[in-house]
Number of protein chains: 2
Amino acid sequence: MNELVEKMPFDNKEENIQKAAIALKAMGHPLRLKILCVLGNQEFPVMDIVDQVGTTQSNVSQHIDILREKGIILSRREGSKILCRVRDAELLDLMDAMQRTFCQIH
Amino acid sequence: MNELVEKMPFDNKEENIQKAAIALKAMGHPLRLKILCVLGNQEFPVMDIVDQVGTTQSNVSQHIDILREKGIILSRREGSKILCRVRDAELLDLMDAMQRTFCQIH
DNA sequence: GACTTATATTAGCATAGTTTAATTTTGTTC
DNA sequence: GAACAAAATTAAACTATGCTAATATAAGTC
(Lines give C-alpha, C1' and ligand atoms only; values in the text may rest on other atoms or scores of the structure.)
Protein backbone atom coordinates (compact mmCIF):
# COMPACT_ATOMS: atom_id res chain seq x y z
CA MET A 1 0.00 0.00 0.00
CA ASN A 2 2.63 2.49 1.11
CA GLU A 3 6.31 1.96 0.52
CA LEU A 4 7.09 3.29 4.00
CA VAL A 5 5.41 0.31 5.61
CA GLU A 6 8.11 -2.04 4.42
CA LYS A 7 10.82 0.22 5.72
CA MET A 8 9.51 0.13 9.25
CA PRO A 9 11.14 -2.63 11.26
CA PHE A 10 9.26 -1.57 14.36
CA ASP A 11 5.65 -2.32 14.88
CA ASN A 12 3.84 0.92 15.30
CA LYS A 13 0.31 -0.28 15.93
CA GLU A 14 -1.39 2.17 18.23
CA GLU A 15 -2.46 -0.53 20.62
CA ASN A 16 1.05 -1.89 21.09
CA ILE A 17 2.53 1.54 21.46
CA GLN A 18 0.02 2.35 24.17
CA LYS A 19 0.81 -0.87 26.03
CA ALA A 20 4.55 -0.37 25.88
CA ALA A 21 4.35 3.31 26.80
CA ILE A 22 2.28 2.48 29.88
CA ALA A 23 4.83 -0.07 31.04
CA LEU A 24 7.82 2.17 30.33
CA LYS A 25 6.18 5.07 32.09
CA ALA A 26 5.60 2.89 35.13
CA MET A 27 9.27 1.92 35.15
CA GLY A 28 10.49 5.41 34.35
CA HIS A 29 10.41 6.77 37.85
CA PRO A 30 13.53 6.62 40.03
CA LEU A 31 11.82 5.21 43.07
CA ARG A 32 9.83 2.63 41.13
CA LEU A 33 12.91 1.56 39.21
CA LYS A 34 14.77 1.27 42.47
CA ILE A 35 12.04 -0.94 43.86
CA LEU A 36 12.44 -3.19 40.83
CA CYS A 37 16.21 -3.30 41.26
CA VAL A 38 15.88 -4.12 44.94
CA LEU A 39 13.50 -6.96 44.08
CA GLY A 40 15.64 -8.38 41.31
CA ASN A 41 14.73 -12.03 40.90
CA GLN A 42 13.60 -12.45 44.49
CA GLU A 43 10.46 -12.01 46.48
CA PHE A 44 10.38 -9.48 49.32
CA PRO A 45 7.81 -8.10 51.72
CA VAL A 46 6.91 -4.44 51.35
CA MET A 47 8.61 -3.65 54.64
CA ASP A 48 11.99 -4.83 53.34
CA ILE A 49 11.57 -2.66 50.27
CA VAL A 50 10.77 0.34 52.43
CA ASP A 51 13.96 -0.26 54.39
CA GLN A 52 16.02 -0.39 51.20
CA VAL A 53 14.70 2.57 49.26
CA GLY A 54 14.72 5.31 51.84
CA THR A 55 11.28 6.83 51.80
CA THR A 56 8.05 6.38 53.73
CA GLN A 57 5.91 3.26 53.88
CA SER A 58 3.02 5.17 52.34
CA ASN A 59 5.05 6.36 49.42
CA VAL A 60 6.44 2.90 48.70
CA SER A 61 2.99 1.40 48.98
CA GLN A 62 1.63 3.82 46.41
CA HIS A 63 4.44 3.17 43.97
CA ILE A 64 4.10 -0.57 44.43
CA ASP A 65 0.45 -0.17 43.64
CA ILE A 66 1.28 1.53 40.35
CA LEU A 67 3.76 -1.20 39.42
CA ARG A 68 1.19 -3.86 40.24
CA GLU A 69 -1.60 -2.08 38.39
CA LYS A 70 0.53 -1.88 35.25
CA GLY A 71 1.51 -5.52 35.50
CA ILE A 72 5.18 -4.91 36.26
CA ILE A 73 5.18 -6.71 39.58
CA LEU A 74 3.04 -9.39 41.19
CA SER A 75 2.26 -9.77 44.86
CA ARG A 76 0.68 -12.25 47.21
CA ARG A 77 -0.19 -12.25 50.85
CA GLU A 78 1.64 -14.52 53.24
CA GLY A 79 0.30 -14.07 56.73
CA SER A 80 0.55 -10.43 57.64
CA LYS A 81 3.02 -9.67 54.88
CA ILE A 82 2.60 -8.89 51.21
CA LEU A 83 5.36 -10.44 49.14
CA CYS A 84 6.30 -8.70 45.91
CA ARG A 85 8.23 -9.89 42.91
CA VAL A 86 9.00 -8.79 39.38
CA ARG A 87 6.45 -10.22 36.92
CA ASP A 88 8.58 -12.75 35.09
CA ALA A 89 12.02 -13.73 33.88
CA GLU A 90 11.52 -12.01 30.57
CA LEU A 91 11.04 -8.69 32.31
CA LEU A 92 14.13 -9.31 34.42
CA ASP A 93 16.09 -9.91 31.23
CA LEU A 94 14.74 -6.68 29.84
CA MET A 95 15.82 -4.82 32.96
CA ASP A 96 19.25 -6.26 32.45
CA ALA A 97 19.31 -5.01 28.87
CA MET A 98 18.07 -1.59 30.00
CA GLN A 99 20.93 -1.38 32.44
CA ARG A 100 23.43 -2.22 29.76
CA THR A 101 21.94 0.26 27.31
CA PHE A 102 21.42 3.19 29.63
CA CYS A 103 24.11 2.84 32.26
CA GLN A 104 27.25 2.29 30.28
CA ILE A 105 29.57 4.98 29.02
CA HIS A 106 28.74 5.70 25.41
CA MET B 1 28.97 -6.04 54.56
CA ASN B 2 25.33 -6.93 54.22
CA GLU B 3 24.13 -10.32 53.08
CA LEU B 4 21.49 -8.70 50.91
CA VAL B 5 24.10 -7.20 48.65
CA GLU B 6 25.05 -10.57 47.26
CA LYS B 7 21.47 -11.46 46.58
CA MET B 8 20.92 -8.48 44.35
CA PRO B 9 21.55 -9.32 40.72
CA PHE B 10 20.56 -5.85 39.66
CA ASP B 11 22.78 -2.89 40.12
CA ASN B 12 20.99 -0.40 42.27
CA LYS B 13 23.49 2.43 42.38
CA GLU B 14 21.61 5.68 42.65
CA GLU B 15 23.42 7.20 39.72
CA ASN B 16 22.55 4.35 37.37
CA ILE B 17 18.97 4.24 38.49
CA GLN B 18 18.65 7.95 37.82
CA LYS B 19 20.10 7.58 34.34
CA ALA B 20 17.90 4.67 33.41
CA ALA B 21 14.78 6.26 34.86
CA ILE B 22 15.36 9.41 32.85
CA ALA B 23 15.68 7.43 29.64
CA LEU B 24 12.67 5.23 30.37
CA LYS B 25 10.59 8.23 31.27
CA ALA B 26 11.51 9.86 27.98
CA MET B 27 10.44 6.73 26.11
CA GLY B 28 7.35 6.18 28.24
CA HIS B 29 5.08 8.55 26.40
CA PRO B 30 2.87 7.27 23.57
CA LEU B 31 3.76 10.00 21.13
CA ARG B 32 7.47 9.82 21.84
CA LEU B 33 7.45 6.06 21.57
CA LYS B 34 5.58 6.35 18.30
CA ILE B 35 8.21 8.74 17.00
CA LEU B 36 10.85 6.16 17.85
CA CYS B 37 8.89 3.40 16.13
CA VAL B 38 8.42 5.52 13.04
CA LEU B 39 12.14 6.22 12.95
CA GLY B 40 13.17 2.61 13.46
CA ASN B 41 16.64 2.19 12.04
CA GLN B 42 16.27 4.99 9.52
CA GLU B 43 16.80 8.70 9.40
CA PHE B 44 13.85 10.98 8.74
CA PRO B 45 13.21 14.71 8.63
CA VAL B 46 10.90 16.12 11.28
CA MET B 47 8.26 16.83 8.65
CA ASP B 48 7.94 13.14 7.77
CA ILE B 49 7.52 12.29 11.42
CA VAL B 50 4.81 14.91 11.79
CA ASP B 51 2.98 13.34 8.85
CA GLN B 52 3.16 9.88 10.42
CA VAL B 53 2.18 10.57 14.01
CA GLY B 54 -0.89 12.72 13.60
CA THR B 55 -0.34 15.78 15.71
CA THR B 56 0.95 19.32 15.20
CA GLN B 57 4.43 20.29 14.10
CA SER B 58 4.93 22.17 17.34
CA ASN B 59 4.00 19.21 19.44
CA VAL B 60 6.29 16.85 17.54
CA SER B 61 9.10 19.36 17.73
CA GLN B 62 8.79 19.56 21.49
CA HIS B 63 8.77 15.81 21.92
CA ILE B 64 11.73 15.41 19.59
CA ASP B 65 13.52 17.93 21.73
CA ILE B 66 12.91 15.86 24.83
CA LEU B 67 14.14 12.69 23.12
CA ARG B 68 17.24 14.52 21.93
CA GLU B 69 17.89 16.10 25.30
CA LYS B 70 17.76 12.71 27.01
CA GLY B 71 20.07 11.17 24.43
CA ILE B 72 17.47 8.87 22.89
CA ILE B 73 17.73 10.29 19.41
CA LEU B 74 20.34 12.20 17.46
CA SER B 75 19.74 14.80 14.79
CA ARG B 76 21.66 16.76 12.21
CA ARG B 77 20.82 19.49 9.81
CA GLU B 78 20.86 18.84 6.09
CA GLY B 79 19.95 21.99 4.25
CA SER B 80 16.63 23.20 5.51
CA LYS B 81 15.75 19.89 7.11
CA ILE B 82 16.64 18.33 10.42
CA LEU B 83 17.21 14.62 10.11
CA CYS B 84 16.50 12.48 13.16
CA ARG B 85 17.52 8.98 14.06
CA VAL B 86 17.52 6.64 17.04
CA ARG B 87 20.79 6.91 18.96
CA ASP B 88 22.36 3.58 18.16
CA ALA B 89 21.85 -0.06 17.29
CA GLU B 90 21.90 -1.11 20.91
CA LEU B 91 18.92 1.08 21.65
CA LEU B 92 17.10 -0.32 18.62
CA ASP B 93 17.72 -3.80 19.96
CA LEU B 94 16.35 -2.73 23.30
CA MET B 95 13.22 -1.34 21.63
CA ASP B 96 12.82 -4.69 19.99
CA ALA B 97 13.08 -6.44 23.34
CA MET B 98 10.61 -3.98 24.86
CA GLN B 99 8.13 -4.81 22.15
CA ARG B 100 8.49 -8.50 22.79
CA THR B 101 8.15 -8.09 26.53
CA PHE B 102 5.27 -5.64 26.62
CA CYS B 103 3.27 -6.35 23.50
CA GLN B 104 2.80 -10.09 23.54
CA ILE B 105 -0.04 -11.96 25.16
CA HIS B 106 1.11 -13.14 28.56
C1' DG C 1 14.93 41.05 -0.19
C1' DA C 2 10.16 39.08 -0.42
C1' DC C 3 8.13 34.48 -0.19
C1' DT C 4 7.99 29.83 1.09
C1' DT C 5 9.24 25.77 3.65
C1' DA C 6 11.10 23.55 7.77
C1' DT C 7 11.76 23.70 12.49
C1' DA C 8 12.07 25.86 17.08
C1' DT C 9 10.50 28.67 20.84
C1' DT C 10 7.35 30.80 24.07
C1' DA C 11 3.55 31.48 27.09
C1' DG C 12 -0.62 30.03 29.14
C1' DC C 13 -3.67 26.73 30.56
C1' DA C 14 -5.15 22.23 31.89
C1' DT C 15 -4.16 17.86 33.60
C1' DA C 16 -1.50 14.42 35.77
C1' DG C 17 1.85 12.76 38.93
C1' DT C 18 4.32 12.98 43.47
C1' DT C 19 4.89 13.47 48.30
C1' DT C 20 3.42 14.12 52.99
C1' DA C 21 0.69 13.35 56.90
C1' DA C 22 -3.00 11.31 58.97
C1' DT C 23 -6.09 7.52 59.15
C1' DT C 24 -7.75 2.90 58.18
C1' DT C 25 -7.67 -1.90 57.24
C1' DT C 26 -5.92 -6.54 57.83
C1' DG C 27 -3.72 -9.91 60.26
C1' DT C 28 -1.16 -11.74 64.37
C1' DT C 29 -0.30 -12.53 69.26
C1' DC C 30 -1.46 -12.60 73.97
C1' DG D 1 -10.67 -8.31 72.35
C1' DA D 2 -6.55 -5.22 73.28
C1' DA D 3 -2.22 -4.31 71.42
C1' DC D 4 0.91 -4.57 67.84
C1' DA D 5 2.74 -5.03 63.09
C1' DA D 6 2.26 -4.66 58.02
C1' DA D 7 0.20 -2.52 54.37
C1' DA D 8 -3.35 0.37 52.08
C1' DT D 9 -6.09 4.44 51.61
C1' DT D 10 -7.27 9.32 51.57
C1' DA D 11 -6.85 14.14 51.12
C1' DA D 12 -4.23 18.12 50.53
C1' DA D 13 -0.40 20.59 48.79
C1' DC D 14 2.94 20.79 45.47
C1' DT D 15 5.34 19.98 41.19
C1' DA D 16 5.80 18.51 36.64
C1' DT D 17 3.99 17.47 31.97
C1' DG D 18 1.55 18.10 27.92
C1' DC D 19 -1.02 20.64 24.55
C1' DT D 20 -2.47 24.67 21.96
C1' DA D 21 -1.88 28.79 19.64
C1' DA D 22 0.89 32.24 18.31
C1' DT D 23 5.35 33.81 17.05
C1' DA D 24 10.19 33.39 15.81
C1' DT D 25 14.21 31.67 13.39
C1' DA D 26 16.70 29.59 9.56
C1' DA D 27 17.38 28.08 4.97
C1' DG D 28 16.08 27.90 0.14
C1' DT D 29 14.07 30.05 -4.06
C1' DC D 30 12.77 33.54 -7.16
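It should be noted that the structure appears before, not after, this text.
Keep in mind that this is a model prediction, so the values were computed, not measured.

Trainee: Give a description of the interface of chain B and chain A that names residues and reports values.
Mentor: Listed per partner, the contact involves 47 residues of chain B and 47 residues of chain A. Around 4,300 Å² of area is buried between chain B and chain A when both sides are counted, 67% of it from carbon and sulfur atoms. On the surface where chain B and chain A come into contact, there are 2 salt bridges. The shortest N-O distance in the salt bridge between glutamate 14 of chain B and lysine 34 of chain A comes to 2.4 Å. At the junction of chain B and chain A, the tally comes to 5 residue pairs in polar contact (both at pLDDT 80 or more). Among the elements of the structure, α1 (3–7), α2 (14–27), α3 (30–39) and α6 (89–103) of chain B are those that each provide at least two residues to the side of chain B that touches chain A.

Trainee: For the packing of helix α2 (residues 14–27) of chain A against α3 of chain B, give the residues involved together with the corresponding values.
Mentor: It is at 9 Å that the axes of α2 of chain A and α3 of chain B come closest, and there the two elements cross at 120°. On the basis of their axis angle, the class for α2 of chain A and α3 of chain B is oblique. At the point where α2 of chain A passes α3 of chain B, the crossing takes the right-handed sense. Together, Glu14, Ile17, Gln18, Ala20, Ala21 and Leu24 of chain A of α2 of chain A and Pro30, Leu33, Lys34 and Cys37 of chain B of α3 of chain B make up the contact between the two elements.

Trainee: Go over the protein's contact with DNA strand D with me, naming the residues and quoting the values.
Mentor: Of all residues adjacent to DNA strand D, which total 21 residues, the nearest are Met47, Gln57 and Ser58 of chain A together with Lys25 and His63 of chain B. Each atom of DNA strand D within 4 Å of the protein belongs either to a base or to sugar and phosphate, the latter forming 65%. One of the side-chain N or O atoms of serine 61 of chain A is found 3.0 Å from a phosphate oxygen in DNA strand D. Note that a phosphate oxygen of DNA strand D is positioned 2.2 Å from one of the side-chain N or O atoms of lysine 25 of chain B. Those elements giving two or more residues to the surface near DNA strand D turn out to be α4 (46–53), α5 (57–69) and β3 (81–86) of chain A together with α5 (57–69) of chain B. When its residues are assigned to classes, the surface near DNA strand D shows 4 nonpolar, 12 polar and 5 charged.

Trainee: Give a description of the protein's contact with DNA strand C that names residues and reports values.
Mentor: The local shell around DNA strand C holds 22 residues, among which Lys25, His29 and His63 of chain A together with Met47 and Ser58 of chain B are the closest. Backbone sugar and phosphate groups make up 65% of those atoms of DNA strand C lying within 4 Å of the protein. The side chain of lysine 25 of chain A places a nitrogen or oxygen atom 2.5 Å from a phosphate oxygen of DNA strand C. A distance of 2.6 Å is found between a phosphate oxygen of DNA strand C and a backbone nitrogen or oxygen belonging to methionine 47 of chain B. Where the surface near DNA strand C is concerned, the elements lending two or more residues are α5 of chain A together with α4 (46–53), α5 and β3 (81–86) of chain B. A per-element tally of the surface near DNA strand C places α5 of chain B first, with 5 residues. For the surface near DNA strand C, the residue count by class is 4 nonpolar, 13 polar and 5 charged.

Trainee: Which residues make up the relation of the copies chain B and chain A, and what values do they have?
Mentor: Superposing chain B onto chain A takes a rotation of 180° combined with a translation of 0.0 Å along the rotation axis, leaving an RMSD of 0.0 Å. Overall, the copies show the geometry of a two-fold rotation axis. By residue overlap, the copies meet face to face through one surface: 100% of the interface positions of chain B are interface positions in chain A.

Trainee: Let's hear about the pairing of β3 of chain A: which residues, and what values?
Mentor: All names here are of chain A. Pairing of strand β1 (residues 44–45) with β3, which is carried by 2 bridges, proceeds in the antiparallel orientation. Bridging from a neighbouring strand, proline 45 pairs with leucine 83 of β3. In the sheet, strand β2 (residues 73–78) pairs with β3 via 6 bridges, with the strands oriented antiparallel. When the sheet's bridge partners are listed, arginine 77 is paired in β3 with isoleucine 82.

Quick notes on the rules
Residues numbered from 1 in each chain as written. Chains lettered and ligands numbered in written order. Predicted model: local features only at pLDDT ≥ 70, side-chain atom pairs only at ≥ 80, totals over all residues. Heavy atoms only, no water. Contact = heavy atoms within 4.5 Å. Buried area = accessible area lost by both parts, 1.4 Å probe. Salt bridge = Lys/Arg side-chain N within 4 Å of Asp/Glu carboxyl O. Polar contact = N/O pair within 3.5 Å; in protein donor to acceptor, adjacent residues only side chain to side chain. Helix = DSSP H or I, 4+ residues; strand = E, 2+ residues; numbered from the N terminus. Axes fitted to C-alpha atoms, helices over the stretch in contact; angles between N-to-C directions. Parallel < 35°, antiparallel > 145°, perpendicular 65-115°, else oblique. Left-handed = near helix turned anticlockwise from the far one by under 90°. Near = heavy atom within 4 Å. Nonpolar A, V, L, I, M, F, W, Y, C, P; charged D, E, K, R; others polar. Least-squares fit on C-alpha atoms with pLDDT ≥ 70 in both. Pairing = 2+ DSSP bridges.

By themselves, these observations are geometric and do not establish any function.
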